[in-house]
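# Geometric and topological summary
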Amino acid sequence: MFSRVVNRFTEKPTLYYSMSIAATWAGVGSLVVGMQMAREYGVIPFLLWALGNTLACVLFGLFAPTIPKLREVFRSKPMNIAIGIMCVFQIWLNMNGIQTVFAETPLTGKFGIILAYAVAVFFIILLMRFGMIRNVLTDYASWTLVYGVAFILTLMALIFSRGNMFILPVGTSHIPAGLEKLFLLLPGAFLYPYFYEILDYNEHNKDGTKKIDVLRAFVGGGLLFGGYLTFTFLLAKANFNPALNIVKAFLITLVAVSTISSFLYSVYITFGKRLGILVNLATVALWQWLIPMGVLGVWTFMSSIRIFIVIGGITYALVWNFLEKRRAVIV
């Protein structure tokens with residue numbers, strides 16, 4: 001059974017890559033922050049935020065393979081340290097999300113904390129034995145479940161909320177906030193080591209996986225994620241009873257699981273096998289200190305930092321390439 005799935009991936013990997021890209025990019029904030037954006041800021045800011053989320057993976061697929069020296073810059077030691085720290089924040093963010101959503105259910109936040117730890121430890125163990133194919137296939141499976149559970153939850157929540165839905169404001173006064181979120185999101189994918197690994201794996205792999213037009217995979221990932229945000233918008237209008245809150249919590253956990261696994265793998269890519277495992281274990285152990293910051297607090301802090309790292313990295317790559325070409329002409 002597993003070998004047949006692997007064969008399907010190696011022969012036609014585009015959809016698998018796209019699902020994995022969407023799953024990795026999603027993160028717990030895609031639902032939690034998305035619903036907050038729609039309810040507190042309004043429809044227009046939410047749409048701007050959704051546009052930034054959809055375009056981020058597309059922009060990476062368009063520019064990352066074509067900007068000279070970019071991969072060398074983002075794999076240099078200073079960038080490895082910066083990106084590794086951002087990966088740690090992503091893991092904390094998604095573990096925070098699991099704890100937060102279960103705190104709103106009868107299962108309580110303690111159940112969410114235990115579940116978050118269990119997910120992280122499970123994937124660290126899995127990481128010790130399997131690599132790229134494992135991550136792509138587990139992302140594909142989890143994201144398939146996400147669509148199914150999201151559809152069922154949205155349908156049930158809208159039926160339950162009939163006649164008692166949230167009236168979402170248009171949000172014209174919060175357009176600047178929406179634009180800020182859009183621009184904070186656009187460079188985000190450039191700090192995902194897993195996405196660079198997809199580029200490298202597509203060009204050179206030992207598994208016999210067919211080479212594809214990788215831009216199509218990233219465009220597909222962006223569009224798949226944009227389609228998922230439709231559920232986020234509809235759920236922002238709905239009210240939830242205790243049973244639906246539990247279903248919502250498990251949906252968010254499914255979304256978080258694929259992102260946690262990809263960033264644990266990204267830490268492994270960034271720091272190497274031995275140090276990567278140690279960093280992952282330390283990240284999980286230290287998470288308890290980050291719980292009070294909440295999901296939005298960690299996301300905002302992380303987003304405000306990464307835009308400067310990405311702009312600096314791209315600028316350095318372009319200048320490096322320009323000087324190298326100039327030196328070649330002079331010689």
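Preceding block: the structure.
Now for a look at the structure at hand. (Residues numbered from 1 in each chain as written. Predicted model: local features only at pLDDT ≥ 70, side-chain atom pairs only at ≥ 80, totals over all residues. Heavy atoms only, no water.)

Summing up its helical and strand segments, the protein has 14 helices and 0 strands in all. N-terminal to C-terminal, the α/β element order of the protein is α-α-α-α-α-α-α-α-α-α-α-α-α-α. Computed over the C-alpha atoms, the radius of gyration of the protein is 20 Å, within 12% of the 20 Å expected from 2.2 N^0.38 for a compact globule of 331 residues. For the protein, the spread of C-alpha atoms along the principal axes amounts to about 75 × 50 × 40 Å. (Helix = DSSP H or I, 4+ residues; strand = E, 2+ residues; numbered from the N terminus. Rg over C-alpha atoms; globule rule 2.2 N^0.38 Å.)

One pass over the full model with this rule turns up 6 salt bridges. Of the charged contacts in the structure, one is a salt bridge between Asp200 and Arg71, with a shortest N-O distance of 2.6 Å. Linking Asp200 in helix α10 (residues 193–203) with Arg71 in helix α5 (residues 70–74), this pair joins segments that are 129 residues apart in sequence. A residue is classified by how much of its surface remains accessible, and Arg71, at 17% relative accessible area, is buried. In this structure, Glu203 and Arg71 form a salt bridge, with 2.9 Å as the shortest nitrogen-oxygen distance. (Salt bridge = Lys/Arg side-chain N within 4 Å of Asp/Glu carboxyl O. Buried < 20%, exposed > 50% of the residue type's maximum accessible area, 1.4 Å probe, protein only.)

Let us look at the side chain of Thr24. Secondary-structure assignment places Thr24 in helix α2 (residues 14–26). Taking relative accessible area as the criterion, Thr24 reaches 1% and is therefore assigned buried. Engagement of the side chain of Thr24 in a polar contact is seen with the side chain of Asp139, the distance being 3.3 Å. A polar contact of 2.8 Å, which involves the side chain of Thr24, links it to the side chain of Ser262. Setting aside residues up to four positions removed in sequence, Thr24 forms contacts with Asp139, Tyr192, Tyr194, Phe195, Thr259, Ser262 and Phe263. (Polar contact = N/O pair within 3.5 Å; in protein donor to acceptor, adjacent residues only side chain to side chain. Contact = heavy atoms within 4.5 Å.)

As a further point, take the packing of α10 against helix α12 (residues 242–271). One can describe the packing of α10 onto α12 by two numbers: an axis separation of 8 Å at closest approach and a directional angle of 70°. Classified by the angle their axes make, α10 and α12 are roughly perpendicular. Judged by residue contacts, Pro193, Tyr194 and Glu197 of α10 engage Ser262, Tyr265, Ser266, Ile269 and Thr270 from α12. Residues of the contact of α10 with α12, tallied by class, amount to 4 nonpolar, 3 polar and 1 charged. (Axes fitted to C-alpha atoms, helices over the stretch in contact; angles between N-to-C directions. Parallel < 35°, antiparallel > 145°, perpendicular 65-115°, else oblique. Nonpolar A, V, L, I, M, F, W, Y, C, P; charged D, E, K, R; others polar.)

One broad rule of soluble globular proteins: the nonpolar side chains tend to lie buried together. By size, the foremost hydrophobic cluster in this structure holds 102 residues, and its most contacted members are Phe74, Trp143 and Phe195. Broken down by element, this core gets its largest block of residues, 13 residues, from helix α6 (residues 77–103). Apart from the residues within four sequence positions on either side, Phe195 is in contact with Ile21, Thr24, Trp25, Cys57, Phe60, Ala189 and Phe218. (Core = buried A, V, L, I, M, F, W, Y, C linked by side-chain atoms within 4.5 Å.)

Backbone geometry at Lys69 places phi at a positive 70°, although glycine is not the residue there. Along the chain, the position of Lys69 falls in the loop between α4 (43–63) and α5. Its relative accessible area of 17% is what places Lys69 among the buried residues. In this structure, Thr108 is a non-glycine residue whose phi angle is positive, near 75°. Tracing the backbone through its elements, the reader meets Thr108 in helix α7 (residues 108–127). The exposure class of Thr108 is partly exposed, given its relative accessible area of 37%.

Applying the stated criterion across every chain yields a total of 27 aromatic pairs. An angle of 80° between the planes, with centres 5.0 Å apart, marks the rings of Phe60 and Tyr196 as edge-to-face. In this pair, Phe60 sits in helix α4 while Tyr196 sits in helix α10, placing the two residues 136 residues apart along the sequence. You'll find Phe60 and Tyr196 in the same group, each marked buried. (Phe/Tyr/Trp six-rings, centres within 6.5 Å; stacked < 30°, edge-to-face > 60°.)

With that settled, consider helix α9 (residues 175–185). Working note: α-helix, 3.6 residues per turn, so residues spaced by three or four point in the same direction. Turning to α9, its buried residues are Ala177, Gly178, Lys181, Leu182, Leu184 and Leu185. Burial along α9 is one-sided: seen end-on, the buried residues are contained in an arc of 165°. Opposite the packed face of α9, turned more than 90 degrees from it, sit the exposed residues Pro176 and Phe183. (Arc of directions from axis to C-beta.)

Looking now at the side chain of Thr232. Along the chain, Thr232 turns up in helix α11 (residues 214–237). Non-local contacts of Thr232, meaning those with residues more than four positions away in its chain, are made with Ser30, Leu31, Gly34, Met35 and Phe46.

Moving on, we get to a nonpolar patch on the surface. A surface patch of nonpolar side chains, amounting to about 490 Å² of accessible area, comprises Phe151, Ile152, Leu155, Met156 and Ile159. Among the structural elements, Ile152 can be located in helix α8 (residues 132–160). (Patch = residues over 30% accessible without salt bridge, like charges linked within 9 Å, V, L, I, M, F, W, Y side chains within 5 Å. Areas by Shrake-Rupley, 256 points an atom, 1.4 Å probe, with all protein chains shown as cover.)

Spanning 21 residues, α4 covers 30 Å between terminal C-alpha atoms, matching the ideal 30 Å at 1.5 Å per step. Of all the bends in α4, the largest measures some 30° and sits at Leu55. Listed as buried for α4 are Pro45, Phe46, Leu48, Trp49, Ala50, Gly52, Asn53, Thr54, Ala56, Cys57, Phe60 and Gly61. The secondary structure elements touched by the buried residues of α4 are α2, α3 (29–41), α9, α10 and α11. (Expected span 1.5 Å × (residues − 1). Bend = angle between axes of the 7 residues up to and from the residue.)

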